[in-house]
Amino acid sequence: SKFPSDSDVPTDEWTVEEVLHWSLDQYQTRAMERTSAAISHLREQCERECEDVMTLHSMAVDMASENNCKVGEEEIVGDGGGGGGNSGIGGSGEEENVNPQEHQSTTATTTTTTT
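Residues numbered from 1 in each chain as written. Predicted model: local features only at pLDDT ≥ 70, side-chain atom pairs only at ≥ 80, totals over all residues. Heavy atoms only, no water.

Caption draft 1: Looking closely at the overall build of the chain. Counting its regular elements, the chain contains two helices and zero strands. For the chain, with 115 residues in total, the buried portion stands at 8%. Accessible surface for the chain amounts to roughly 9800 Å². Of this, 55% is attributable to carbon and sulfur atoms. (Helix = DSSP H or I, 4+ residues; strand = E, 2+ residues; numbered from the N terminus. Buried < 20%, exposed > 50% of the residue type's maximum accessible area, 1.4 Å probe, protein only. Areas by Shrake-Rupley, 256 points an atom, 1.4 Å probe, with all protein chains shown as cover.)

Caption draft 2: Examining a negative patch on the surface more closely. Judged by side-chain charge, Glu44, Glu47, Glu49, Glu51 and Asp52 come together as a negatively charged surface patch. Looking at the element boundaries, Glu49 is found in helix 1 (residues 16-78). (Patch = residues over 30% accessible without salt bridge, like charges linked within 9 Å, V, L, I, M, F, W, Y side chains within 5 Å. Salt bridge = Lys/Arg side-chain N within 4 Å of Asp/Glu carboxyl O. Lys, Arg positive; Asp, Glu negative; His and termini not counted. Charge placed at Lys NZ, Arg CZ, Asp CG, Glu CD.)

Caption draft 3: Examining the state of the cysteines more closely. Tallying each qualifying case throughout the model produces zero disulfides. In this structure Cys46 is not part of a disulfide, and its nearest cysteine sulfur, from Cys50, lies 6.2 Å away. For Cys50, a relative accessible area of 43% corresponds to the partly exposed category. (Disulfide = S-S within 2.5 Å.)

Caption draft 4: Focus on the environment of Leu20. Locating Leu20 in the fold gives a position in helix 1. Here the alpha-carbon distance between Leu20 and Pro10, two residues ten residues apart in the chain, equals 9.9 Å.

Caption draft 5: Structural context of the confidence of the model for the chain. Residues at a pLDDT of 70 or more form 55% of the chain, whose mean pLDDT is 74. Throughout residues 83-89 the model reports pLDDT below 50, and contacts reaching past four residues in sequence, or to other chains, amount to 15 contacts. (pLDDT = per-residue confidence, 0-100. Contact = heavy atoms within 4.5 Å.)

Here it is in structure tokens:
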């Protein structure tokens, strides 16, 4: 046994040092139990939230593929084939990752030549 008597509590025969060690051991035991419970709770919460994220991701993928199908149908039916392909999720007819500076200069050139 770690401590001088078999009982779970200090007795009059224990020294101050032994009582302090016993008290520290009790504190550490409770702290470890609480820490384990907190870790378990956080792990469960993380698993639930991860499932939520994966569900939302799946929904987003489904929505994007449905939107791409609709945009693709509009290009084939309504655009006459000159739409140019990469319309993205927003359906604006522009590429998804457009450099704004290049886009402005193209727009300015188009505006200048059109006027």
